[in-house]
Amino acid sequence: LRLFAGSANVPLAQEVARYLGMDVGPMIRKQFADGEIYIQIQESIRGCDVYLIQPCCNPVNAHLMELLIMIDACRRASARQITAVIPYYGYARADRKTAGRESIAAKLVANLITQAGANRVLAMDLHSAQIQGYFDIPFDHVYGSPVIIDYLLSKELPDLVVVSPDVGGVARARAFAKKLNDAPLAIIDKRRQSHNVAEVMNLIGDVKDKTAVLVDDMIDTAGTITEGSKLLREKGARQIYACATHAVFSGPAVDRLSSGCIEEVIVTNTIPVSENKHFEQLTVLTVANVLGEAI
Ligand code: R5P
């Protein structure tokens, strides 16, 4: 078994390697003046089971292309099996057509990964689980939620209510609620006027005098979570926590999260959170053990 790290999240790959009691394999990654990526695996991987760890996070296109080139390099080096370990699957939200003449980019990404030569994919908390079906190769879908749930349980928060910030996240929130000692569930009816702009409409359920835990798969611009938290505060929640596996943290996310009414924002390290994106209320939990076990 050999493990290699793309440039998107080297610390996570190193942690996974430590968990497995091995080293991250040697690989040269260079970028040419025009932006083209060069990859060379620096040891023989002939006949090996190779794991390539690369979340396709911002810059999504560059990280995806790097992953494809890594897969191609391993295939051409006669690896026996190539597993693309994609802790964060970019383009996952483009999983269907919502209007005419749109692309389904999540499926295109699946085609590219397969075509490049991956034999298996390991991904965490996909935006929609059906993306697994876009692949005709084995796909392991693992969850970061146990790590977040254990952390929340250790805090012994009183009067919990788990809140889905939109209707699409109800199944995820319900699963969370079940593991949080069967906490009640509330749902926010979120409507989007345009991409990356969330507008909160209504709350289904009761959060008055409770500790509300908002659960989402990702925080991108943080519009969903901050608008959701404002609504929960208006409806009488005593304390508000926000949890998400993927800390995409684009644009105004950090300003919004650090200046809002959220007690604590709990994310995982599927995407690295750079120093300048850390803020007081942020907790980053590691999922290296979950990925290590799956590998
Ligand atoms: C949407 O369906 C997702 O589950 C997230 O709620 C959304 O992508 C978060 O985006 P933002 O943080 O920009 O509101």
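Procedures and definitions
Residues numbered from 1 in each chain as written. Predicted model: local features only at pLDDT ≥ 70, side-chain atom pairs only at ≥ 80, totals over all residues. UniProt positions renumbered as here; feature names shortened; annotations may be inferred. Helix = DSSP H or I, 4+ residues; strand = E, 2+ residues; numbered from the N terminus. Rg over C-alpha atoms; globule rule 2.2 N^0.38 Å. Buried ≥ 20, exposed ≤ 12 C-beta atoms within 10 Å, placed from the backbone. Contact = placed C-beta atoms within 7 Å.

By the naming in an unreviewed UniProt entry, the chain goes by Ribose-phosphate pyrophosphokinase and is assigned to Gloeothece verrucosa. UniProt annotates the chain under Subcellular location (unreviewed entry) with the comment "Cytoplasm".

What follows deals with the overall build of the chain. Looking only at helices and strands, the chain features 8 helices and 14 strands. Here the chain has a C-alpha radius of gyration of 20 Å; the compact-globule value for 295 residues is 19 Å, and the two agree. In terms of principal-axis extent, the alpha carbons of the chain reach across some 60 × 45 × 35 Å. Going through the 295 residues of the chain one by one, you find that 43% of them count as buried. Taking the contacts inside the chain whose residues are at least 6 apart along the sequence as the reference set, 63% of them involve residues at least 24 apart.

What follows concerns the UniProt feature "binding site: ATP" (unreviewed entry) in the chain. The feature "binding site: ATP" (unreviewed entry), as annotated in UniProt, sits at Asp34, Gly35 and Glu36 in this numbering. With respect to the element layout, Gly35 can be found in the loop between β2 (27–31) and β3 (37–41). With respect to the helices and strands, the residue Glu36 is situated in the loop between β2 and β3. Judged by C-beta crowding, with 10 C-beta atoms within 10 Å, Glu36 ranks as exposed.

Inspection of the secondary structure assignment puts Asn58 in the loop between β4 (49–53) and α2 (60–76). Here Asn58 falls in the partly exposed class, since 16 other C-beta atoms lie within 10 Å of it. Through-space distance from the C-alpha of Asn58 to that of Val248 is 7.5 Å; in sequence the pair is 190 residues apart. Those residues in contact with Asn58, other than ones at most four positions away along the chain, are Val248 and Ser250.

This next bit is on the UniProt feature "binding site: Mg(2+)" (unreviewed entry) in the chain. Sequence positions flagged by UniProt for "binding site: Mg(2+)" (unreviewed entry) are, in local numbering, His127 and Asp166. Considering the C-alpha atoms alone, the annotated residues occupy 40 residues of sequence yet fold into one spot, their largest mutual distance being 12.6 Å. Looking at the secondary structure, you find His127 in the loop between β6 (120–124) and β7 (139–142). Residue classification places His127 among the buried positions, given that 23 C-beta atoms sit within 10 Å. Once residues within four sequence positions are removed from consideration, His127 is found in contact with Ala92, Arg93, Asp95 and Asp217. As for its position among the elements, Asp166 is in the loop between β8 (160–164) and α5 (170–179). Overall, Asp166 belongs to the partly exposed group, with 18 C-beta atoms counted inside 10 Å. Those residues within four positions of Asp166 in sequence are excluded, and the remaining contacts are Ile188, Lys190 and Thr224.

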